[in-house]
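# A closer look at the structure
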Amino acid sequence: MDTETAHAHARRIIEEAANLTGDETVALIESHVAHNYGLLSRDPVVKAEGAWLTCASGKKIFDGVAAYSAANLGHGHPLIRETLKAFLGSHAPTVLGRFLADPYLGLFARKITQMTGFESFLPANGGVEGPEAAIKLARRWAHQVKGVKGTPTILFADQCFHGRTLTVTQMFVEEEKAARDGFGPWPAGFKRIPYNDLAAVEAAVDDNTAAIMVEPIQGEGGINIPDEGYLRALIELGKRHNFLVIFDEVQTGWARTGEMFCWQHEGPEARPDILCVGKSVSGGFAPVAGILASKKLMELFGPGSHGSTFGGCPISSCIGYAALTAIEEEKLVKQAQEKGEWLFEKLQELAERAPRIKEVRGKGMMFGIELTPDGPDGHHFTELLLEKGAIIKDTHHWVLRFTPPIVASKKDLELVLGILEEVFVGQPAEA
Ligand SMILES: Cc1ncc(COP(=O)(O)O)c(C=O)c1O
């Protein structure tokens, strides 16, 4: 196709999207897209910059969940946007197939291993591919290194969330019917244990245990923060009983909790055998994820053992490299520590004045606002907050997740605190 025709099509596609009304957009989605998500708002988002979303109606909304922590750097970070523009202008391949060498993958992998202190990176696409790859690696290790003869077992924690592929879908609790029902039978070799309970780990471990997989703070489960020392103790138990420890930091990684990774709050002894990363590793520009481990462990993945067409492709690697550079340049960890501390204090003050707030808990810029169960639930408050201009999303009925973009300014955060004040203190909650 010649460049002129391509330009004409490009203009038409962008204009077509810009000219759709809100109702038309929703109608298209409802008629042609699987109904696996419900819409919180029927006012489509047409622009996103930093912490703010602009809707078709012109309404501006603060993204208080940072696209579920995929936008720790805010939306459309300029460093990544400019790199991506230059990448596209350079005519570098966007995708190749991993049997061909690509400079961007090499640079991205060097950066991510330097920043995390692991020797080897396995690139993937969506976040759930991290836990999936980690489970495969742990099983192979159990068969080929530990010498497990029967079915290797992976321990997982109650109330966890690792994504929605078939392997990890069984990890939802029984009550999560929409997520579980009708998808069985489940793959064998998984055992549920209570979260934050070391005795339960010891009791569950046997000769077939391959690994334990946990989130250092449970996000979707309701911002559940384990006792100080839990993560370190898991590593120690793993060494003592010869099993691997997998930390899923798809949600808690990349400065969200006030360290680059949440395990680092417990010092170097808490380093896991396998670390799952995703979301903000691309600054929210593309599905980029993966796992990190030692060279020795990762070598169990030889050619032909695992992979995907787009995992580690040039455009994803370029975006990942740019996003990691932005995370460093923005001093994102420091920002999360400073703003997180200030915000936590403000939220706790607010909680004292708000009869429906039972507790505020959090680390860095990851907060859970737990409600008392004696009135309308979290979804009701999510809708009220949205009406006033902030997305702060309910999970498990009684907890509101507040994980704003780490780059959000104090002024913006004050504005959101004002909205929370209005909803929880300024007016009585009504059913
Ligand atoms: C801890 C954790 N692991 C895995 C995932 C799955 O990531 P994705 O939705 O990108 O597949 C999520 C998503 O929220 C998550 O929070």
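Residues numbered from 1 in each chain as written. Predicted model: local features only at pLDDT ≥ 70, side-chain atom pairs only at ≥ 80, totals over all residues. Heavy atoms only, no water.

### Description of a negative patch on the surface
A cluster of acidic side chains, namely E341, E345, E349 and E352, defines a negative patch on the protein surface. Secondary-structure assignment places E352 in helix α13 (residues 332–353). Classification of E352 as exposed rests on a relative accessible area of 72%. (Patch = residues over 30% accessible without salt bridge, like charges linked within 9 Å, V, L, I, M, F, W, Y side chains within 5 Å. Areas by Shrake-Rupley, 256 points an atom, 1.4 Å probe, with all protein chains shown as cover. Salt bridge = Lys/Arg side-chain N within 4 Å of Asp/Glu carboxyl O. Lys, Arg positive; Asp, Glu negative; His and termini not counted. Charge placed at Lys NZ, Arg CZ, Asp CG, Glu CD. Helix = DSSP H or I, 4+ residues; strand = E, 2+ residues; numbered from the N terminus. Buried < 20%, exposed > 50% of the residue type's maximum accessible area, 1.4 Å probe, protein only.)

### Side note on the pairing of strand β4 (residues 120–124)
Counting buried residues in β4 gives 5 out of 5 residues, a clear majority hidden from the surface. Across the two faces of β4 the burial is the same, with S120, L122 and A124 and F121 and P123 all buried. Both β4 and strand β10 (residues 289–293) contribute to a ladder of 5 bridges, which runs antiparallel. Its bridge partner being in β10, P123 is matched across the sheet by G290. (Pairing = 2+ DSSP bridges.)

### Focus on a nonpolar patch on the surface
A cluster of nonpolar side chains, namely I29, V33 and L39, defines an oily patch on the protein surface of about 240 Å² accessible area. Counting through the fold element by element, I29 comes out in helix α2 (residues 22–32).

### With respect to the domain arrangement of the protein chain
Each assigned domain of the protein chain is listed with its residue range as follows: domain 1 (1–45 + 53–58) and domain 2 (82–329). Taken over C-alpha atoms, the centre of domain 1 sits 33 Å from the centre of domain 2. (Domains from an automatic or database assignment.)

### A few points about the site of the ligand
Taken together, G126, G127, V128, F161, H162, G163, E215, D248, V250, Q251 and K279 form the complete shell of residues around the ligand. Backbone polar atom of V128 to an oxygen atom of the ligand: 2.9 Å apart, as the coordinates give it. In this structure, an oxygen atom belonging to the ligand sits 3.2 Å away from a side-chain N or O atom of Q251. For the ligand, whose unbound accessible area comes to 390 Å², protein coverage reaches 80%. Here the shell around the ligand is composed, by residue class, of 3 nonpolar, 5 polar and 3 charged. (Near = heavy atom within 4 Å. Polar contact = N/O pair within 3.5 Å; in protein donor to acceptor, adjacent residues only side chain to side chain. Nonpolar A, V, L, I, M, F, W, Y, C, P; charged D, E, K, R; others polar.)

### Topic: the sheet that holds strand β1 (residues 45–49)
Judged by pairing direction, the sheet is mixed, and its 4 strands sit side by side in the order β1-β2-β3-β13 without closing on themselves. One side of each edge strand has no neighbouring strand; the edge strands of this open sheet are β1 and β13 (390–391). Sheet topology note: the strand β2 (residues 52–55)/strand β3 (residues 60–63) ladder contains 3 bridges and is antiparallel. Each residue of the ladder has a partner; that of L53, found in β3, is I61.

### Some thoughts on the packing of aromatic side chains
In total, this model carries 9 aromatic pairs according to the counting rule given. Residues Y195 and Y230 carry aromatic rings whose centres are separated by 5.6 Å and whose planes lie at 75 degrees to one another, so their mutual orientation is edge-to-face. Linking Y195 in the loop between β6 (190–193) and α9 (198–204) with Y230 in helix α10 (residues 230–241), this pair joins segments that are 35 residues apart in sequence. For the pair formed by Y195 and Y230, the shared burial category is buried. Its end group placed over the ring of F118, R271 keeps NZ or CZ at 4.6 Å from the ring centre. (Phe/Tyr/Trp six-rings, centres within 6.5 Å; stacked < 30°, edge-to-face > 60°. Lys NZ or Arg CZ within 6 Å of the ring centre and 35° of its normal.)

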